[in-house]
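The residues making up each chain are set out below.
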Amino acid sequence: MNISNSPAGPTVDAVDLVVRNARCVATMDGGRRELHGGWVAITDGLVSGVGDGEPPTATTTIDATDCLVTPGLINAHHHLFQNLTRAYPPMTDKPLFGWLQSLYPLWRAIDTDAVHVSAWVGLAELARSGCTTSTDHLYLHPRGAGDLLTAEVDAARDLGVRFHPTRGSMSLSEKDGGLPPDDVVADDDEILAACEEAVARHHDRTHGAMTRIALAPCSPFTVTEDLMVRTAELAERLDVRLHTHFAENSEDDEFSLATFGCRPLEYLERTGWCTDRTWVAHCVMPDPAEVGRLGAAGIGAAHCPSSNLILASGIAPVVDLRAAGVKVGLGVDGSSSADSASLWLEARQAMLLAKLRNGAAAGTARMALELATLGGAGCLGRAGELGVLAPGAVGDVTVWDLTGPTFAGALADPIEAWLRCGPVSARDTIVGGVAVVRGGELVADNVGEMLAAHSVHAARIQRLGA
Ligand SMILES: [Zn+2]
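The structure displayed is predicted, hence computed values, not measured ones. Along each chain, the written sequence defines residue order, and numbers are assigned to residues from 1. Given that this is a predicted model, residues contribute local features only at a pLDDT of at least 70 and side-chain atom pairs are listed and counted only at 80 or more, while totals for whole chains, interfaces and linings are drawn from all residues. Side-chain measures here rest on the full set of heavy atoms in the structure, leaving out hydrogens and waters.

A word on the sheet that holds strand β18 (residues 428–431)
Picture the strands of a sheet paired through backbone hydrogen bonds; they go either parallel or antiparallel. Strand pairing is assigned whenever DSSP identifies at least 2 bridges connecting the two strands. What counts as a helix is a DSSP run of H or I of at least four residues, what counts as a strand is a run of E of at least two, and both are numbered from the N terminus. If you trace the 7 strands from one edge of the open sheet to the other, you get β4-β3-β8-β17-β18-β19-β20, paired in mixed fashion. Strands at the two margins of the open sheet, each flanked by one partner only, are β4 (34–35) and β20 (441–442). Bridging between strand β3 (residues 24–26) and β4 involves 2 bridges; their strand directions are antiparallel. Across the sheet, residue V25 finds its bridge partner in β4, namely L35. In what follows, a contact means two residues having at least one pair of non-hydrogen atoms within 4.5 Å. Structural elements are reduced to axes, namely lines fitted to C-alpha atoms, with helices fitted over the stretch in contact, and the angle between N-to-C directions of any two is expressed from 0 to 180 degrees. Against the sheet, helix α2 (residues 112–128) touches β18, β19 (434–438) and β20, its axis set at about 85° to β19.

Shown next, in the form of structure tokens:
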């Protein structure tokens, strides 16, 4: 039994929840303290104490014997609706542009029900991998499909995870030299009005907010230059963050040179995007001078290692980006490019690729844990509030069981063991002091129902391509 209620019931001084007896609490605080035998206390949704002595009395106690306790992991790039078209054969052997063009015709069929169920299932999958906060880059808004952003905000609220969706957009269709079909793009004025409305409706600026909105034109090859400029201006006026795809592979570089007469970074700079308000996805192709410019701008980058591998895009220069001052987080990317949506897996892939690119000592489990926590918080503009176990930060905690055959023999270093052994799922995923995953299972009682609904929508959408 991992969870117990205090027999005396709540007392005046009791905290709401304490996670105690951890083999190690990786605080990710300024000193990167690792507390052996440590505990984390949560009150009113926020961390109220962290330590390695006697924990405070709590209304609810979670025993973390033999477990690593980390801040909840943060997913900094995703397209949740794409889990409706996973492992879909016409796209499984394509690089980025061919992959997109195989799937756009199917994705036109998404609607509010499909987006709600795909977001719920996708966020549930992420929670099982230890993720407590996710963004979503929802750039597909077919005409007449309804308010898709609200549908996914509702799904995150139903499940109980922290959510940073972006109001994405596409305005440049095939007839104008872009990639998407004509009926999934909108004009710039419509898009900007929808962005402003989404912020007014959903963006919560309070400390510990569960929902925040960012603005996110899909990519340079799907929107007009004017929309990039005007979106950056709107984000400045509304004081929200900016997100887009950037320098994902060589096709992306070639498109930029042919269409805009410059490399992707120069395009970001001339459209007003190279600022600390922005975090980009991928960032695979910058050359060394560009890495320095990105760092100087204080930009964020969501590293998406599985997606970069499965689409054969390349290996992002993560170690160099971090050294230059870029806030590097992790993203699972759209479910049908990466096909899995596990933050743990992305952390491991990031560790392995950093070793391959920069040497065995460069890619450590601690570096990958920083990407998955502090780096993600930096991307989302919430450093100090998310991704750290320190008083005042959000009460988002993941408990990882380090027992059984998977961890046999891993005695000396629980953080290296966490990422080198595996595959690993979270034992408990806690958001704002409330468990979303407990004992490795989702707490929600409607998982079967949501998966059945997801199958119906996936079959409907995939039949369009048959
Ligand atoms: Zn993406």
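A short note on the pattern of salt bridges
Any Lys or Arg side-chain nitrogen found within 4 Å of a carboxyl oxygen on Asp or Glu counts as a salt bridge. Inspection of every chain in the model, using the stated rule, returns 26 salt bridges. With a closest N to O distance of 3.5 Å, E190 and R143 form a salt bridge. With a gap of 47 residues between them, E190 in helix α4 (residues 188–202) and R143 in the loop between β10 (131–138) and α3 (148–159) connect regions that are remote in the sequence. For each residue, the accessible area found with a 1.4 Å probe, counting protein chains only, is set against the maximum for its type, and the residue is called buried under 20%, exposed over 50%, and partly exposed in between. Of the residues examined, E190 reaches a relative accessible area of 38% and is grouped as partly exposed. Judged by its relative accessible area of 54%, R143 is exposed. The structure contains a network of salt bridges with shared partners spanning R32, R322 and E370.

Thoughts on the coordination of the zinc ion
On the protein side, the zinc ion has H77 (NE2), H79 (NE2), H245 (NE2) and D333 (OD) as donor atoms, found 2.1 to 2.4 Å from it. Here a donor is any nitrogen, oxygen or sulfur atom (N, O, S) within 2.8 Å of the metal, with 3.2 Å used for Na, K and Ca; water is not among the atoms considered, so some sites may look incomplete. Here the metal geometry follows the donor angles, with tetrahedral for four donors whose angles all fall between 85 and 135 degrees, square planar for four and octahedral for six when opposite donors are more than 155 degrees apart and every other angle is between 65 and 115, and irregular for all the rest. Taken together, the 4 donor atoms surrounding the zinc ion define angles of 87 to 173° at the centre, an arrangement classified as irregular. Counting residues between consecutive donors of the zinc ion along the chain gives the motif H-x1-H-x165-H-x87-D. In this pair, the class of H77 matches that of H79, namely buried.

What to know about helix α15 (residues 447–463)
Here the expected span of a helix is defined as 1.5 Å times the quantity of residues minus one. Across its 17 residues, α15 extends 24 Å between first and last C-alpha, which sits within 8% of the 24 Å expected from 1.5 Å per residue. Looking only at α15, the buried set comprises M450, H454, H457, A458 and I461. For α15, the angular spread of the buried residues around the axis is 105°, confining them to a single face. Across α15 from its buried face, at more than 90 degrees, point the exposed residues G448, E449, V456 and R463. Buried residues belonging to α15 abut α1 (96–107) and α2. Think of the arc as the fan of directions from the helix axis to the C-beta atoms.

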